[in-house]
Amino acid sequence: MNVRRLIPATAVTGAVALGLVTLSACAGTSDAADKGSSGKLDVVASFYPMQYLAEQIGGGHVSVDTLTKPGVEPHDLELKPRQIGELGEADVILYLKGIQPAVDDAIAQAGVRNTVDAATLTKLEAHGTEVGHEHEGEEHGAEEAGHEAHEGHDHSTEAGTDPHIWLDPVKYAEVAKGVGAALEKADPAHAADYQKNTDALVKKLGDLNTQFATGLKNTTTKTFITTHSAFGYLAERYGLEQEGITGIDPESEPSPARIKELQDIAKKDKVSTVFFETLASDKTARTLAGDAGLTTDVLDPLEGITDQSKGDDYIEVMQSNLAALKKALGAK
C-alpha cells in the first residue's frame, strides 16, 4: 500500500542507526530470547491484527507493545526515533510486510532474530483493483510461488498481492499457528502454554468461520460495495463479490468512470448499501450512496480498535461485520 505521509528514507536510516548503536546487542544472537526486567517476553506488534495474536497466544507470559496506537490509520504511521530504537530491544517482532513500508524498513534494520512476517505464514493472493482488475493476470503466479516467494517483497506493489489476510478467519488461523510456533521457539519454557492458547484461538476462529459461512450462505445478492478493497479474502472465502470504490490503496481516488460503473453494478446486482470504515474518510462512500439512492453502513477492516469500533476485540468486530453484511446482502 502507498502511504500518505512517510518519513524520508534517510531519516529512517539515520534514526535506526542511532538507535542500534546502543541497542544492537539486545537484538539477540540465539533462538532463545532474553526476557526483560518484567520477566515476560517483550513482543512488538506492528498494528492491531498482530497485537491481537500476540496477546491471545502469549497470555500472561508476554508484554506486548504496538507501534500503531488506537485511532491511527496504519498506513499513515510515522515512526519516532524512540520507537525505532526500541525495536532492537524486542524479544519478538510480529508484523505484516507490505502494509506499512516505514515499519518494514525499520524492522529490516533492527536485526531481531525472532522477527515474524505474517505474510510468510499463509498464502497471499492477488485480488482485482477497482478498474479492470489489473492484477488478475498475476494471481496464478502468486499462488504457485508459495510462501517463500513473498519474502522480501512489498505485497501491495511489487507482487500485486493483497495483504488483508486477517479478514479471512481461516487464513488468520493459519497465521495464528505460525505466531504460536514463533513464541514457543523464543520462549521454550512456556511452550505448552503457547500451544494451548494457540489451539484455543484457532478454535474461536474456526467458530467464527462457521458463523460467516452459515450466515452468508443464502442471500438476495452476493455483491457489496466498500470504500477500499480490503475484503477480497473474505469475499472469496464466502462466495461474495467485493466492489471497492478504490483499490487496495485506501487513499487512491476513484475515477468518474469507476463511480458510474459502481452505480450500474448497484442497480444490476440489487446492492442496497455502500460500506465505509472507521479509520478512513467516508466522504466518497456517502456521496456515491446519496447519488445512487443507497444506504450506508460500517464494514470495519480491523486495522485498529477505537471508541467507534463496534466491538472490543477482533472477534466482536468481525461478528459486527457479519451482521452488517447479512443485513446489506439480504441474508435469508
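If you look the protein up in an unreviewed UniProt entry, it shows as Metal ABC transporter substrate-binding protein from Streptomyces narbonensis. Recorded under Sequence similarities (unreviewed entry), the UniProt text for the protein is reproduced unchanged: "Belongs to the bacterial solute-binding protein 9 family."

**Student:** Please explain the pattern of salt bridges as it appears in this structure.
**Tutor:** Any two side chains of opposite charge can pair, on the condition that their charged atoms come close. Tallied over the entire structure, the rule returns 10 salt bridges. When the shortest N-O distance is used, the salt bridge between E261 and R258 registers 3.0 Å. You can see E261 and its partner R258 sitting in helix 9 (residues 256–268), 3 residues apart, about one turn around the helix. What makes E261 partly exposed here is its relative accessible area of 33%.

**Student:** What exactly am I supposed to notice about the packing of aromatic side chains here?
**Tutor:** Counted by the stated rule, this structure contains 7 aromatic pairs. Plain terms: the ring middles of Y48 and Y52 are 6.1 Å apart, the flat faces sit at 40° to each other, and that makes the pair tilted. Remark: Y52 and Y48 occur in helix 2 (residues 48–58); sequence separation between them is 4 residues, near one turn of the helix. With a relative accessible area of 8%, Y48 lands in the buried category. Here F224 and F275 contribute two aromatic rings whose centre-to-centre distance is 6.5 Å and whose plane-to-plane angle is 70°, an arrangement assigned as edge-to-face. Of this pair, F224 sits in strand 5 (residues 223–226) while F275 sits in strand 7 (residues 273–276), and the two are 51 residues apart along the sequence.

**Student:** Would you mind going over the packing of helix 7 (residues 191–215) against helix 11 (residues 314–329) with me for this structure?
**Tutor:** A pair of packed helices is characterised by two quantities: the angle between their axes and the separation of those axes. Taken N-terminus to C-terminus, the directions of helix 7 and helix 11 make an angle of 5°; their axes are 10 Å apart at the nearest point. By the angle between their axes, helix 7 is roughly parallel relative to helix 11. Two secondary-structure elements touch here, helix 7 through K204, L205, L208, Q211, F212 and G215 and helix 11 through Y314, I315, M318, Q319, L322, L325 and K326. Class assignment of the residues belonging to the contact of helix 7 with helix 11 gives a composition of 8 nonpolar, 3 polar and 2 charged.

What counts, and at which threshold
Residues numbered from 1 in each chain as written. Predicted model: local features only at pLDDT ≥ 70, side-chain atom pairs only at ≥ 80, totals over all residues. Heavy atoms only, no water. UniProt positions renumbered as here; feature names shortened; annotations may be inferred. Salt bridge = Lys/Arg side-chain N within 4 Å of Asp/Glu carboxyl O. Helix = DSSP H or I, 4+ residues; strand = E, 2+ residues; numbered from the N terminus. Buried < 20%, exposed > 50% of the residue type's maximum accessible area, 1.4 Å probe, protein only. Phe/Tyr/Trp six-rings, centres within 6.5 Å; stacked < 30°, edge-to-face > 60°. Axes fitted to C-alpha atoms, helices over the stretch in contact; angles between N-to-C directions. Parallel < 35°, antiparallel > 145°, perpendicular 65-115°, else oblique. Contact = heavy atoms within 4.5 Å. Nonpolar A, V, L, I, M, F, W, Y, C, P; charged D, E, K, R; others polar.

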